[in-house]
Amino acid sequence: MAKKKKRKPIRIQEAFRTVTSRGNRVVQREYEIRQNGEHIGLLNYASDLQRGGGTGLNDEFKDHFKKTDAGINFIKTARGHRNKGIGTKLLKKAERVAKKEKKNRILLEVSPDKKKNISFYKKHGYTPIDTTKRKEKWILMEKRL
Ligand SMILES: CC(C)(COP(=O)(O)OP(=O)(O)OC[C@H]1O[C@@H](n2cnc3c(N)ncnc32)[C@H](O)[C@@H]1OP(=O)(O)O)[C@@H](O)C(=O)NCCC(=O)NCCS
């Protein structure tokens, strides 16, 4: 019988970095995934969109921001490590943190050209709610928690 290949464990490093703070408030945090010392994924999570947290989101979407919203400014899996569940792990991390902070929605934006990213987010329960009016198009997506 063929031997089953053992998968290397994926470990999230919980040692997050504070990216921006207003006064004493932490408004952005970064979470990194490392596998055996190698950087393979990064999430920038925003906890206070109305007070400077959502720097990764377009200015045109500001009217959507509520106190009870969290945001994802940035999510990236390193090349060579995609399609192995890292992005899903980062999304789930953001959702866990948001729930802990009693947020009831997560917002993120995506380019309409990135069809694969859009389907990735849709698969995880995010739905488009707005589009920028400017020439450079962005789609705002939300997930109710
Ligand atoms: C978008 C992005 C973060 C997704 O990251 P990822 O690590 O590839 O995500 P996942 O592996 O969790 O999911 C991707 C696909 O792999 C599949 N998958 C999930 N777990 C898997 C596993 N264990 N083994 C194989 N495939 C898996 C998923 O079903 C998903 O399929 P889909 O394309 O049908 O949705 C990544 O493509 C990326 O970094 N892109 C460049 C940066 C970027 O565009 N960021 C987003 C800005 S909006």
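Refer to the preceding data block for the structure.
First things first, this report covers the structure right here in the doc. (Residues numbered from 1 in each chain as written. Predicted model: local features only at pLDDT ≥ 70, side-chain atom pairs only at ≥ 80, totals over all residues.)

1. Focus: the overall build of the protein chain
Here is step 1: Broken down by element type, the protein chain carries two helices and seven strands.
Here is step 2: In sequence order, the secondary structure elements of the protein chain are arranged as β-β-β-β-α-β-α-β-β.
Here is step 3: Classification of the 145 residues of the protein chain by burial places 27% in the buried group.
Here is step 4: Of all intrachain contacts in the protein chain linking residues separated by at least 6 positions in sequence, the fraction that spans at least 24 positions is 55%. (Helix = DSSP H or I, 4+ residues; strand = E, 2+ residues; numbered from the N terminus. Buried ≥ 20, exposed ≤ 12 C-beta atoms within 10 Å, placed from the backbone. Contact = placed C-beta atoms within 7 Å.)

2. Concerning the site of the ligand
Here is step 1: In the vicinity of the ligand, 17 residues are found, and the nearest of them are Thr77, Arg82, Gly85, Gly87 and Thr88.
Here is step 2: At the level of secondary structure, the elements contributing two or more residues to the shell around the ligand comprise strand S4 (69-77), helix H1 (86-100) and helix H2 (115-123).
Here is step 3: No other element matches the five residues that H2 contributes to the shell around the ligand. (Near = placed C-beta within 6 Å.)

3. Things to note about H1
Every α-helix carries 3.6 residues per turn, so stepping three or four residues along brings you back to the same face.
Here is step 1: With 15 residues, H1 ought to run about 21 Å at 1.5 Å a step, and its terminal C-alpha atoms sit 21 Å apart, in line with that.
Here is step 2: Of all the residues in H1, the buried ones are Ile86, Gly87, Leu90, Leu91, Ala94 and Ala98. Along H1, the residues classed as buried sweep out an arc of 145° about the axis, all on the same side. Counted as exposed and oriented over 90 degrees from the buried face of H1: Arg96 and Lys100. (Expected span 1.5 Å × (residues − 1). Arc of directions from axis to C-beta.)

4. Overview of the pairing of strand S2 (residues 25-35)
Here is step 1: Bridge count between S2 and strand S3 (residues 38-46): eight bridges; the pairing is antiparallel. By the bridge assignment for S3, Glu30 is matched with Asn44. (Pairing = 2+ DSSP bridges.)

5. Points about unusual backbone geometry
Here is step 1: Residues other than glycine seldom take positive phi values, yet Asn83 does so here, at roughly 60°.
Here is step 2: If you trace the backbone, Asn83 turns up in the loop between S4 and H1.
Here is step 3: Residue classification places Asn83 among the exposed residues on the basis of 9 C-beta atoms within 10 Å.
Here is step 4: Of note in the backbone geometry, Lys102 takes a positive phi value of approximately 60° without being a glycine.
Here is step 5: Residue placement: Lys102 occurs in the loop between H1 and strand S5 (105-110).

6. A word on the environment of His64
Here is step 1: Mapped onto the elements of the fold, His64 is located in the loop between S3 and S4.
Here is step 2: On the basis of neighbour counts, which here come to 17 C-beta atoms within 10 Å, the residue His64 falls in the partly exposed class.
Here is step 3: As for His64 and Leu140, which are separated by 76 residues in sequence, their C-alpha atoms are 9.4 Å apart.
Here is step 4: With near-sequence residues (within four places) excluded, His64 lies in contact with Leu107, Asp130 and Leu140.

7. Points about the nonpolar core
Here is step 1: Leu43, Tyr45, Ile72, Leu90, Ala94, Ile106 and Leu108 are the most contacted members of the largest nonpolar core, which totals 26 residues.
Here is step 2: Mapped by element, the contributors of at least two residues to this core are S2, S3, S4, H1, S5 and strand S7 (139-144).
Here is step 3: Considering each element in turn, this core owes the most residues, five residues, to H1.
Here is step 4: Residues contacting Tyr45, with those up to four places away along its chain left out, are Gln28, Arg29, Tyr31, Ala70, Ile72, Ala94 and Val97. (Core = buried A, V, L, I, M, F, W, Y, C linked by C-beta atoms within 7 Å.)

8. What about the pairing of S4?
Here is step 1: S4 sits mainly inside the fold: seven of its nine residues count as buried.
Here is step 2: Sheet analysis places S3 next to S4, joined by six bridges and oriented antiparallel. When the sheet's bridge partners are listed, Asn44 is paired in S4 with Phe74.
Here is step 3: When S4 meets S5, the two strands line up parallel, connected through four bridges. Within S5, the position partnered with Ala70 by the bridge is Ile106.
Here is step 4: Handedness of the crossover joining S4 and S5 through H1 is recorded here as right-handed. (Right-handed = clockwise from strand over helix to strand, strands pointing away.)

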